[in-house]
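Residue-level structural notes
Here's the letter readout for the chains.
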Amino acid sequence: MKSLSAQLLPSKQVEILDIWIKLQLKNEGLRSDLMSNDALKRESEELLKTILEAIRNDDTTDIKGEAYDKVVEVLAGISLSRASNGFSPRETAYFVFSLKEALITVLEKNIAEPKELYPEIVKVNKLLDDFGLITFETFIKGREEVILRQTSEITEISTPVIQVWSGILALPIIGTLDSARTQVVMENLLLKIVETESTIAILDISGVPAVDSLVAQHLIKTVAATRLMGAECIISGIRPEIAQTIVHLGIDLSNINTKASLAHALRTAFSLLKLEVRKVGEYSKNTHA
Amino acid sequence: MEKIPILKMGDFLLVTVQVDLYDRLALGLESDLVNMIRKYSSRGVLIDISAVNIVDSFMGRILGNIAQMSKILDAHTVVVGMQPAVAITLIELGLPMTGVHTALNVEKGMAMLRDKLFLTEETPNDSDNN
Amino acid sequence: MITINSETINIKTEQDAVFLRNRVSEYANKIKMGLVNQTKLLTAASELVRNMLRYAGGGKVLCEVISQSVLQTGIRLTFIDNGPGIPNIADAMKDGFSTGKSLGIGLPGAKRLVNEFQIKSQEGEGTSVTILKWKNG
């Protein structure tokens, strides 16, 4: 014998949808800027249809059951799209919890006897709570994916390699240098070295907040990789406090060409390439003297 | 047996590795090169590895060996054209190959060899005449 | 973690090592692994295959394409041999330690190149090394 809600609810789809939509529209948190009412209606209808279908086929409240696979899928899809569209967790949760209210309203209206009504409400409650949990989970997963994508985008754009002179590249590093970022920095730098046939790379660390032994190791690795390619690497932008920490930590940078500022590094690069920068006119004066 | 060809160009020997190295091939190259240096009294060796996708510790060591052996026979070795991914991997592996001279490409490698040869044989008179 | 694809390659000669490299690189391309990560994986594999050939005279390699989530796929390689085994794994994992005449960076170096590294060895029974490299990481 099927439970009352399994018999009753599927036949009331239109009524439930109507109450649900009204509840959602009434809610102050409705984001008409992110989603049109039509789209909201479509989403609600789709989800309700699959839920009622599942309730009709499987009378248990175990959402791991086969009948609920489709519901979980639809629900996850909706939460994911809401997460990436910028909905807040509250707005996403309200979507599911207002359905609970709608279902209970319909049950109340159709079952007069409190004794019969109570177990049905408990059942609907349990089911919708589980749906709510799924919504949270997938919502957070969706946000994590957004974060992951942004992280990789930031690493991409925050490591520009600039050609400052023919044969000289500069790479200003801004922010912390962890191992994932070091790999991106190295790869971008080495590819650019090949592309521009540059023989000198200047790594400017003015924008690196702190240099500990791990960061230093990453810098040393980058220098070593540059040398393997056949180019020389100069590290510039070393602030006094960073020089102090480096020595206090006992980090050996003696094999690495370090300069206080980018200007100094550039001057060194010029002299390595046997180039000179002079004020106009000075040249002739010197040769006549 | 497969062999990597070695070209003689005046005082220099030229090697372009076009296939992925495996151990026996690399060992063969090592002994062939040393014999050629001796035979032609070569002064420089240029090894182009731009087509090599993988250099592991063994092949890295062979390159280091070649550099050291040719040094004993009074020839300089320059390894050119290492791919960025290979360079990053070697560093992560823990093989910075500090004893080996490197250059970006064949052209820069040849210039480097000429520089080295010129510097070691430079006398005051020579530089004036050139 | 789900295994999407798996294949076993027997290793008896150096040429088999070249075949393994090409095969792994095919898989890596299929899951769109970046060039640097690919090179690291192939180099680590090359180190381990050499050990296998040198100390155990060969063995087999299990190649698997695995997936953890939508975003994270990777390649897992398991190197199994029936060689003499490694008496002291802690020593073998140290930089500069070698029983042969090599640089002694094969095992520790391979470990640095991958995301996960596991080694099991029984003296007289053989050695099994598992490495895993994620597509991004």
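All residue numbers refer to positions counted from 1 along the written sequence of the respective chain. All chains are assigned letters beginning with A, and all ligands numbers beginning with 1, in the order in which they are written. Local features are withheld for residues below a pLDDT of 70 in this predicted model, meaning they are given only at 70 or higher, and side-chain atom pairs are given and counted only at 80 or more; totals for whole chains, interfaces and linings count all residues. No hydrogens and no water enter the side-chain calculation; it runs on all heavy atoms of the structure.

The interface is formed by 21 residues belonging to chain B together with 22 residues belonging to chain C. Summed over both partners, the accessible surface that disappears when two parts come together, traced with a 1.4 Å probe, is what is meant by buried area. Of the roughly 1,900 Å² buried between chain B and chain C, counting both surfaces, carbon and sulfur atoms make up 57%. Together, B:Ile54, B:Glu92 and B:Leu93 form the three largest contributors to the area buried by chain B at its contact with chain C, with a combined 29%. For this analysis, a salt bridge means a side-chain nitrogen from Lys or Arg found within 4 Å of a carboxyl oxygen belonging to Asp or Glu. Linking chain B to chain C there are 3 salt bridges. When residues of the side of chain B that touches chain C are traced back to their parent elements, those giving at least two are α1 (23-40), α2 (57-72) and α3 (84-93) of chain B. In the side of chain B that touches chain C, the residues fall into 11 nonpolar, 4 polar and 6 charged. In what follows, a contact means two residues having at least one pair of non-hydrogen atoms within 4.5 Å. Only DSSP runs of H or I reaching four residues or more are called helices, and only runs of E reaching two or more are called strands; each is numbered from the N terminus. Ten residue types, Ala, Val, Leu, Ile, Met, Phe, Trp, Tyr, Cys and Pro, are classed as nonpolar, four, Asp, Glu, Lys and Arg, as charged, and the remainder, Gly among them, as polar.

Turning our eyes to something else, we now look at the pattern of salt bridges. Enumeration over the complete set of coordinates arrives at 21 salt bridges over all chains. Between C:Glu7 and C:Arg23 there is a salt bridge, with the nearest N and O atoms lying 3.1 Å from each other. Of the two residues, C:Glu7 is situated in strand β1 (residues 2-11) and C:Arg23 in helix α1 (residues 14-30); the sequence distance between them amounts to 16 residues. Here the residues in one salt-bridge network are B:Asp23, B:Asp56, C:Glu47 and C:Arg50, joined through shared partners.

So, about the packing of aromatic side chains. Residue and element names in this part refer to chain A. Centres within 6.5 Å are what make two rings of Phe, Tyr or Trp a pair, Trp counting through its six-membered ring; a difference in plane orientation under 30 degrees is then read as stacked, over 60 as edge-to-face, and the rest as tilted. Evaluation of the coordinates by the stated rule reveals 3 aromatic pairs over all chains. Pairing Trp-20 with Phe-95 gives two aromatic rings, centres 5.2 Å apart and planes at 35°, and the pair type is tilted. With a gap of 75 residues between them, Trp-20 in helix α2 (residues 13-26) and Phe-95 in helix α5 (residues 89-110) connect regions that are remote in the sequence. Owing to a relative accessible area of 0%, Trp-20 belongs among the buried residues under this scheme. Here the term buried applies to any residue with accessible area under 20% of the maximum for its type, exposed to any over 50%, and partly exposed to those in between, with areas from a 1.4 Å probe on protein chains only. By relative accessible area, which is 2% here, Phe-95 ends up buried. When the ring of Trp-165 is compared with that of Phe-270, the centres are 5.0 Å apart and the planes differ by 80°; the resulting orientation is edge-to-face.

A separate point is the domain arrangement of chain A. A common way to state how big an interface is: give the accessible area lost once the parts meet. Residue ranges labeled as domains rest on an automatic or database domain assignment. When its domains are assigned, chain A resolves into domain 1 (4-154) and domain 2 (162-283). Between the C-alpha centres of domain 1 of chain A and domain 2 of chain A there is a distance of 55 Å.

The next point concerns a nonpolar patch on the surface. Residues and elements named next belong to chain A. Two distance rules govern patches: like charges are joined within 9 Å, and nonpolar side chains (Val, Leu, Ile, Met, Phe, Trp, Tyr) within 5 Å, applied only to residues with over 30% relative accessible area and no salt bridge. In short, Shrake-Rupley with a 1.4 Å probe defines the accessible areas, and a residue's cover is counted only from the protein chains shown. Residues Ile-162, Val-164, Trp-165 and Leu-275 make up a contiguous nonpolar surface patch of about 340 Å² in total accessible area. Note on placement: Trp-165 falls in strand β1 (residues 162-165). The exposure class of Trp-165 is partly exposed, given its relative accessible area of 45%.

With that settled, the discussion passes to the environment of A:Leu52. Residues and elements named next belong to chain A. You can see Leu-52 is positioned in helix α3 (residues 37-57). Among the residues examined, Leu-52 registers a relative accessible area of 2% and is labelled buried. Discounting chain neighbours no more than four positions away, the residues touching Leu-52 are Leu-9, Pro-10, Gln-13 and Ile-16.

One broad trend across soluble globular proteins is that nonpolar side chains are buried collectively. Formed by 105 residues in total, the largest nonpolar core has its most connected members in B:Leu33, B:Ile47, B:Leu90, C:Leu20, C:Leu77, C:Phe79 and C:Ile131. By size, the runner-up hydrophobic cluster in this structure holds 37 residues, among which are A:Ile16, A:Val71, A:Leu117 and A:Val124. Here the nonpolar core consists of buried residues drawn from Ala, Val, Leu, Ile, Met, Phe, Trp, Tyr and Cys, with membership extended through side-chain atoms lying within 4.5 Å.

Another aspect to go through is the sheet that holds strand β4 (residues 76-80) of chain B. Residue and element names in this part refer to chain B. We call two strands paired when DSSP finds no fewer than two bridges between them. Pairing within the open sheet is mixed, and its 5 strands lie in the order β1-β2-β3-β4-β5. Whereas interior strands pair on both sides, the edge strands pair on one side only; in this sheet they are β1 (6-9) and β5 (101-103). The mean angle between the axes of side-by-side strands here comes to 25°, regardless of whether they run parallel or antiparallel. Summarising the sheet, strand β2 (residues 12-16) and strand β3 (residues 44-48) pair through 5 bridges and their orientation is parallel. Among the inter-strand pairings, Thr-16 is bridged to a residue of β3, identified as Asp-48. Under this scheme, a helix contributes an axis fitted over its contacting stretch, all axes are lines through C-alpha atoms, and angles between N-to-C directions fall in the 0 to 180 degree range. Where α1 meets the sheet, it contacts β1, β2 and β3, and its direction lies at approximately 160° from that of β2. The strands touched by α2 are β3 and β4; relative to β4, the strand with the most contacts, the crossing angle is about 155°.

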